[in-house]
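# Observations on the model geometry
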Amino acid sequence: MRLATENLTWGVDGRAIVRDVTVEIGAGETVGLIGPNGCGKSSLLRCIAGLRAPSSGVVRHDGEDISGWDARRVAQRLAFVEQAAESDSDLRVGDVVSLGRTPFRDRWRGLSAADHAIVDAALEHVDLTGLRDRHWNTLSGGERQRAHIGRALAQRPWAILLDEPTNHLDIRHQLDLMELLASSDQTVLVALHDLAMAARYCDRLVLLSDGAVVADGTPEEVLTGERLREVYEVDACVGRDVLGHLSISYRVEAR
Ligand SMILES: Nc1ncnc2c1ncn2[C@@H]1O[C@H](COP(=O)(O)OP(=O)(O)OP(=O)(O)O)[C@@H](O)[C@H]1O
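What you are looking at is a predicted structure, and each value in this text was computed from that prediction instead of being measured.

Most of helix α1 (residues 41-48) is tucked away: six of the eight residues are buried. Inspection of α1 places K41, S43, L44, L45, C47 and I48 among the buried residues, and these make up the whole buried set. Of the residues flanking the end of α1, it is G50, one or two places downstream, whose phi is positive at about 80°.

Moving on to the nonpolar core. Ranked by internal contacts, the top residues of the largest apolar core, which has 66 residues, are L33, I48, L161 and L189. With five residues, the single largest contributor to this core is helix α5 (residues 141-154). Those residues in contact with L33 that sit more than four places away from it in its chain are K41, L44, L189, V190, A191, V206 and L208.

Time to look at the sheet that holds strand β10 (residues 212-217). In any sheet, the strands associate via hydrogen bonds between backbone groups, in a parallel or an antiparallel arrangement. Spatially, the six strands line up as an open sheet ordered β6-β7-β8-β3-β9-β10, and their pairing is mixed. Each end of this open sheet is capped by a strand with a single partner; those strands are β6 (78-81) and β10. Strand after strand, the sheet turns through a mean of 15° between neighbouring axes, direction not considered. Two strands pair when backbone bridges link them, and strand β7 (residues 159-163) and strand β8 (residues 187-191) are joined in this way by five bridges, in the parallel orientation. Of the residues in β8, the one forming a bridge with L162 is V190.

Take the packing of helix α4 (residues 113-125) against α5 next. Axes are the key here: two packed helices are described by the angle between their axes and the distance separating the axes. Between α4 and α5, whose axes approach to 8 Å, the crossing angle comes to 140°. On the basis of their axis angle, the class for α4 and α5 is oblique. Crossing of α4 against α5: the hand is right-handed. Residues I118, V119, A122, L123 and H125 of α4 form the contact with α5, whose participating residues are G150, L153 and A154. For the contact of α4 with α5, the per-class residue count stands at six nonpolar, two polar and no charged.

Let us now look at α4. Between its first and last C-alpha atoms α4 spans 18 Å; for 13 residues at 1.5 Å apiece the expected length is 18 Å, and the two agree. Along α4, the residues that are buried comprise I118, V119, A122 and L123. Viewed end-on, α4 has its buried residues packed into an arc of 140°, placing them on one side of the element. Of the residues in α4, the exposed ones pointing more than 90 degrees away from the buried face are A113, A114, A117 and E124. If you follow the buried residues of α4, they end up packed against α3 (93-98) and α5. Phi for D127, located one or two positions after α4, is positive at around 60°.

Conventions we followed
Residues numbered from 1 in each chain as written. Predicted model: local features only at pLDDT ≥ 70, side-chain atom pairs only at ≥ 80, totals over all residues. Buried ≥ 20, exposed ≤ 12 C-beta atoms within 10 Å, placed from the backbone. Helix = DSSP H or I, 4+ residues; strand = E, 2+ residues; numbered from the N terminus. Core = buried A, V, L, I, M, F, W, Y, C linked by C-beta atoms within 7 Å. Contact = placed C-beta atoms within 7 Å. Pairing = 2+ DSSP bridges. Axes fitted to C-alpha atoms, helices over the stretch in contact; angles between N-to-C directions. Parallel < 35°, antiparallel > 145°, perpendicular 65-115°, else oblique. Left-handed = near helix turned anticlockwise from the far one by under 90°. Nonpolar A, V, L, I, M, F, W, Y, C, P; charged D, E, K, R; others polar. Expected span 1.5 Å × (residues − 1). Arc of directions from axis to C-beta.

This is how it looks when you write it as structure tokens:
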């Protein structure tokens, strides 16, 4: 599924937080959304997920303007893993992941056998099969994050938006998640702070600064020392590690 914004602006109290953003994410692409704290990544993701109405501009899913779409219609095609999502503490892990089937269910019917199989597969993907009966309030931060990713996978979405999905995960689970996203045929837009991880797994990077797109291209095109200095105020040396992956060494500039 293609995702696009055209001259998208969103703000609060007269302050523009997302500024005139035009991006297109092709079907099956994995695109990383990067930029410093507060530059508008989450706000842009929320607009694309239909949770924020733009002040001006358009969000399109497969070419269709989504203004006026209800949450169920969006959720039948797109899943969104928010940064600090919570769940009801009485729910068990299996229940949280099963919520991913809600957009497809008749309100009065339980899960079908096919739904159960999808939920089982999603639990397996996020390595939570053994914890499916555990209550939410007993989970670690990383387990909660994996449960929310499992819920999104259980939606079997055509496109998936994730807001810093690796921030609570150990390195094994980070790599597993990024491999899963990069190898899927879903359209993926993922906000990340780890630039080397973004470079390794994303086809393209979109760099935001103060709400606006300042670069959009391959990781090699976007992650130049000069641009990292301008946007992040760090002295960065971009090279290759021993495995041939893009690597970045930093020295903080005196402010
Ligand atoms: N509902 C709101 N009301 C007021 N200010 C808001 C609101 N939502 C976002 N902001 C502000 O907009 C700016 C961008 O926030 P946003 O969460 O989109 O940034 P971000 O790039 O995701 O940041 P981070 O990397 O820290 O998660 C921040 O200054 C934030 O405080």
